[in-house]
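Next come the chains, spelled out residue by residue.
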Amino acid sequence: MSDKKVIIIGAGIAGLCVGSYLQMNGYNTEIFELHNTPGGLCTSWERGDYIFDGCIHSLGGTNPNYNLYKYWNELINMEDLEFKFWDVLGQFEEKGTIVKIHSDPEKLKNELLSIAPEDEKFIKLFPLIIQGATDKRNFVKKAVNWALRNIGKRNLNLNKAAVNTAKEIQQLDSKAARWIASDTIRELESEAVQRRIKR
Ligand SMILES: Cc1cc2nc3c(=O)[nH]c(=O)nc-3n(C[C@H](O)[C@H](O)[C@H](O)COP(=O)(O)OP(=O)(O)OC[C@H]3O[C@@H](n4cnc5c(N)ncnc54)[C@H](O)[C@@H]3O)c2cc1C
């Protein structure tokens with residue numbers, strides 16, 4: 001153990017993680033927390049007969065193939081946790097139409113097809129794009145990125161679907177996938193693209 005000591009202010013997830021990593025690397029640590037319980041935003045408390053649980057409802061990186069999984073595993077034994085995998089990750093509403101973001105790419109494809117059959121040739125490409133996103137070859141990486149960005153610039157529905165696909169790709173344990181995803185999200189969520197497709 002090092003004779004150096006690190007003082008950490010706040011026992012939220014960030015402070016607790018920093019404390020754990022410093023201790024793993026041989027440092028002494030002390031965490032100061034102003035509340036009477038650790039966890040910060042990610043905690044629960046009781047008042048009377050009620051439990052107020054503001055804690056995490058969804059966690060990225062529960063799939064062992066995802067990049068975040070290995071980081072979680074450094075701090076907690078992921079195999080000890082029991083996860084509930086939801087079929088629908090979220091939904092958005094546009095002019096009265098509700099679009100569900102299914103976790104299964106095949107179901108997502110069918111949902112999008114039922115709403116916008118005219119976009120069939122693009123929607124069918126999403127599962128293929130996810131498949132190709134981990135290919136390290138430079139031209140494949142660029143082609144996947146180009147395809148996703150250009151599909152996402154066609155209209156609002158395809159934009160949301162492409163951004164969600166990019167967010168899924170971002171979780172994959174691959175440098176190529178992370179580059180494709182961040183570049184795509186940056187462009188598709190930019191003010192210029194959003195203004196153009198909302199016209
Ligand atoms: C309702 C809700 C639902 C959420 N759901 C999800 C979810 O489903 N999935 C997800 O990934 N994330 C979710 N989040 C976000 C996630 O909980 C937070 O991003 C994360 O907990 C932030 O951690 P933190 O350590 O950065 O900050 P905080 O949790 O804010 O921790 C900061 C800590 O520092 C302490 N502190 C501050 N100032 C001082 C001081 N001067 N001295 C001593 N102590 C101090 C505070 O008391 C606190 O304990 C949710 C957040 C909320 C509020």
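Being a predicted model, the structure only gives us computed values, none of them experimental.

(A) Geometry of the nonpolar core. In this structure, Ala 133, Leu 148, Ala 162 and Ile 180 are the most contacted members of the largest nonpolar core, which totals 21 residues. Elements represented by at least two residues in this core include exactly helix H3 (105-115), helix H4 (120-123), helix H5 (126-132), helix H6 (138-151), helix H7 (156-170) and helix H8 (175-188). A total of six residues in this core trace back to one element, the largest contributor, which is H8. For Leu 148, the contacting residues outside a window of four places in its chain are Ile 129, Ala 162, Thr 165, Ala 166, Ile 180 and Thr 184.

(B) Quick peek at the site of the ligand. Around the ligand, the surrounding shell holds 19 residues, and the nearest of these are Gly 10, Gly 12, Ala 14, Gly 40 and Cys 42. Looking at which element gives the most residues to the shell around the ligand, the answer is helix H1 (residues 13-24), with three residues. By residue class, the composition of the shell around the ligand is 10 nonpolar, eight polar and one charged.

(C) Spotlight on the packing of H6 against H8. Where H6 meets H8, the axes come as close as 9 Å, and the angle between the chain directions of the two elements is 30°. By the angle between their directions, the pair H6 and H8 is classed as roughly parallel. Crossing angle aside, the handedness with which H6 passes H8 is right-handed. Across the interface between the two elements, Lys 141, Val 144, Asn 145, Leu 148 and Arg 149 of H6 pack against Ala 176, Trp 179, Ile 180, Asp 183, Thr 184, Glu 187 and Leu 188 of H8. Residues belonging to the contact of H6 with H8 are distributed by class as follows: six nonpolar, two polar and four charged.

(D) Structural detail: the pairing of strand S3 (residues 44-47). Relative to strand S4 (residues 50-53), S3 runs antiparallel, the two sharing four bridges. When the sheet's bridge partners are listed, Glu 46 is paired in S4 with Ile 51. Here S3 folds back onto S4 in antiparallel fashion, the turn holding two residues, of which Gly 48 has a positive phi close to 60°.

(E) How the structure looks around the pairing of strand S5 (residues 88-94). The buried fraction of S5 amounts to zero of the seven residues, a small share that puts the element mostly on the outside. Direction of pairing for S5 relative to strand S6 (residues 97-102): antiparallel, over a ladder of six bridges. Bridge pairing in S6 places Phe 92 opposite Val 99. Connecting S5 to the antiparallel partner S6 that follows it, the hairpin turn spans two residues, and Lys 95 within it adopts a positive phi of roughly 50°.

Cut-offs used in this document
- Residue indices follow the written sequence of each chain, beginning from 1 at its first position.
- Two thresholds apply to this predicted model, a pLDDT of at least 70 for residue-level local features and 80 or more for giving and counting side-chain atom pairs, whereas whole-chain, interface and lining totals are computed over all residues.
- One nonpolar core equals one set of buried Ala, Val, Leu, Ile, Met, Phe, Trp, Tyr and Cys residues connected by C-beta atoms within 7 Å.
- Exposure classes come from backbone-placed C-beta atoms, where a residue is buried if 20 or more other C-beta atoms lie within 10 Å of its own, exposed if 12 or fewer do, and partly exposed in between.
- Strands are runs of DSSP state E lasting at least 2 residues, helices are runs of H or I lasting at least 4, and numbering of each runs from the N terminus.
- Residues are defined as contacting one another if the C-beta atoms placed from their backbone atoms lie within 7 Å.
- Only the C-beta atom matters for this test: placed from the backbone, it must lie within 6 Å of a molecule or strand for the residue to be near it.
- When residues are grouped by polarity, Ala, Val, Leu, Ile, Met, Phe, Trp, Tyr, Cys and Pro land in nonpolar, Asp, Glu, Lys and Arg in charged, and all others, Gly among them, in polar.
- Inter-axis angles, ranging from 0 to 180 degrees, are taken between N-to-C directions of lines fitted to C-alpha atoms, where helices are fitted over the stretch in contact.
- Working rule for angles: under 35 degrees goes down as roughly parallel, over 145 as roughly antiparallel, 65 to 115 as roughly perpendicular, anything else as oblique.
- Take the far helix as your reference; a near helix turned counterclockwise from it by less than a right angle gives a left-handed crossing, and one turned clockwise gives a right-handed crossing.
- At least two bridges found by DSSP between two strands is the condition for calling them paired.

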